[in-house]
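Coordinate inspection notes
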Amino acid sequence: MKQICRKFSRGLVVAVALLVPVAPPAAAGEGVVPPSADEVAAAVRVAGEPGAIGLAKSNFRQVDHIEPRRITVSGHGVPVYTLNPDFVRATAGAPAGVLKSVTVTATADSGQKATLQVMPEGPGAWVAAGAFSGNDEETLSARLRPGSVLLNEPQINGWYDLGRDDVVLLQASLPQTPVGKSVPLSEYRKDVHGRYADKLAGSDYQRNGGIGFAQAGAVPVESGLPAGVVAGLIAAGAAGLGAVLFVVRRNRRLTPR
C-alpha cells in the first residue's frame, strides 16, 4: 500500500483538527474510564503485527533516512484521548475526552523512536492507523498523576493530564493556561466552549467555508480506511480567540496507513 508522509511545519500553520470523536464517550460523567488492560493489550498486539511494523519502518525511512534491520515494539500502550465535541458544546454530563487511540513506541536498532497509533475499529477490534516520529505520548504519559489520562487538544497542540475534576497542561504549542496549573473541568469547559463551539462540524462556520473546511476535500485518503481513521486524518476546523488561532504542530512526520 502506498505510504504517505506528511511533514508538519516548523513555522506557524493553521490549526485544522477535526472535533469528531472516533469512539463514543467512555463515561457518562465528566471523567473518563480508561480502556481495560485486556483492550490495551489487544491494541499493543496489533502494534506488533507486520503491517504496523511496516508503518514504523516506513516512518524511519522517510524521516530519519535509515533502513532499520530490527524494530522493537514496546509492550506498553498509552491510551490517548482527544477533546470531546459534546464537552465543547457544554452538553450536561459529557466527559472532556473521548478515546482516540492507543499509542505504542517502536524503536529502531539504531535508537531512533517512532510512535505507532492504534485506533479502535469497532467493539474489540483495533487497527494500526499510522506512525509518528518520536515518542511524545510515552514521554508525556510518564508525567500523569495516578488515575489521570492523556488528553490532546489538537487545535493548540495541547497535551493535558486529565483528572477526574481538572486538567493540568503538560505542554502546548499555543498554551492558553500556564504549564502545570490545575484548571477545574468546569472552567476548562467554558474555555473550550468559547474557543471552538461555533466551529464544530455542522456549524455555520463550516457551511460558510471557514478555514480548514474548504481544503478538507483535497486531503488524499486511501480507500478502505476505517471511518475513525479517516476522521483522524481529515482536517476540518480552525479555532479562534477573536481571531484565527495558529499553532505549531510538533515537529513530527506522520506515515498513515
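Residues numbered from 1 in each chain as written. Predicted model: local features only at pLDDT ≥ 70, side-chain atom pairs only at ≥ 80, totals over all residues. Heavy atoms only, no water.

**Quick word on the nonpolar core**
One finds Leu116, Trp126, Leu162, Val167 and Tyr188 to be the most contacted residues of the largest nonpolar core, which totals 42 residues. The element contributing the most residues to this core is helix H1 (residues 37-47), with 6 residues. Within the second largest apolar cluster, 7 residues are counted, among which are Leu140, Leu144, Leu150 and Trp159. (Core = buried A, V, L, I, M, F, W, Y, C linked by side-chain atoms within 4.5 Å. Buried < 20%, exposed > 50% of the residue type's maximum accessible area, 1.4 Å probe, protein only. Helix = DSSP H or I, 4+ residues; strand = E, 2+ residues; numbered from the N terminus.)

**A closer look at the pattern of salt bridges**
Overall, the coordinates contain 7 salt bridges when judged by the stated rule. Arg145 is the partner of Asp161 in a salt bridge, and the nearest nitrogen-oxygen pair spans 2.8 Å. One end of the pair, Asp161, is in strand S8 (residues 158-162); the other, Arg145, is in the loop between helix H4 (136-141) and strand S7 (149-153), with 16 residues separating them in the sequence. For Arg145, a relative accessible area of 34% gives the class partly exposed. Of the charged contacts in the structure, one is a salt bridge between Arg195 and Glu153, with a shortest N-O distance of 3.0 Å. Of the two residues, Arg195 sits in helix H5 (residues 185-196) while Glu153 sits in strand S7, which places them 42 residues apart along the sequence. (Salt bridge = Lys/Arg side-chain N within 4 Å of Asp/Glu carboxyl O.)

**Here's the deal with the packing of aromatic side chains**
In this structure the tally under the stated criterion is 2 aromatic pairs. Geometrically, the ring pair formed by Phe87 and Tyr188 is tilted, given 5.9 Å between the ring centres and 35° between the ring planes. Of this pair, Phe87 sits in helix H3 (residues 85-88) while Tyr188 is found in helix H5, placing the two residues 101 residues apart along the sequence. Taking the relative accessible area as the measure of exposure, Phe87 reaches 0% and is therefore buried. Exposure remark for Tyr188: the relative accessible area of 2% places this residue in the buried category. Judged by centre distance (5.1 Å) and plane angle (55°), the rings of Tyr160 and Tyr188 are tilted. (Phe/Tyr/Trp six-rings, centres within 6.5 Å; stacked < 30°, edge-to-face > 60°.)

**Quick notes on the pairing of strand S5 (residues 113-120)**
Burial of S5 is extensive: 7 of the 8 residues sit out of reach of the surface. In this sheet, S5 lies alongside strand S4 (residues 97-108) in antiparallel orientation, the contact comprising 6 bridges. Directly across from Val102, in S5, lies its bridge partner Val118. Relative to strand S6 (residues 126-133), S5 is paired through 7 bridges, and the arrangement is antiparallel. The residue bridging Gln117 from the neighbouring strand is Gly130, located in S6. Where S5 folds back onto S6 in an antiparallel hairpin, the turn is made up of 5 residues, including Gly122, whose phi is positive at roughly 95°. (Pairing = 2+ DSSP bridges.)

**Some details on helix H2 (residues 50-64)**
Residues spaced three or four apart along an α-helix point in a common direction, a consequence of the helix completing one turn every 3.6 residues. Compared with an ideal rise of 1.5 Å per residue, which puts 15 residues at 21 Å, H2 spans 20 Å between its outermost C-alpha atoms and is within 8% of the ideal. Restricting attention to buried positions, one finds in H2 the residues Ala52, Leu55, Ala56, Ser58, Asn59 and Phe60. (Expected span 1.5 Å × (residues − 1).)

**Focus on the side chain of Thr103**
Summarising the element assignment, Thr103 is placed in strand S4. On the accessibility criterion, Thr103 (4% relative accessible area) is buried. Discounting chain neighbours no more than four positions away, the residues touching Thr103 are His76, Gly77, Val78, Val80, Thr115, Leu116 and Glu137. (Contact = heavy atoms within 4.5 Å.)

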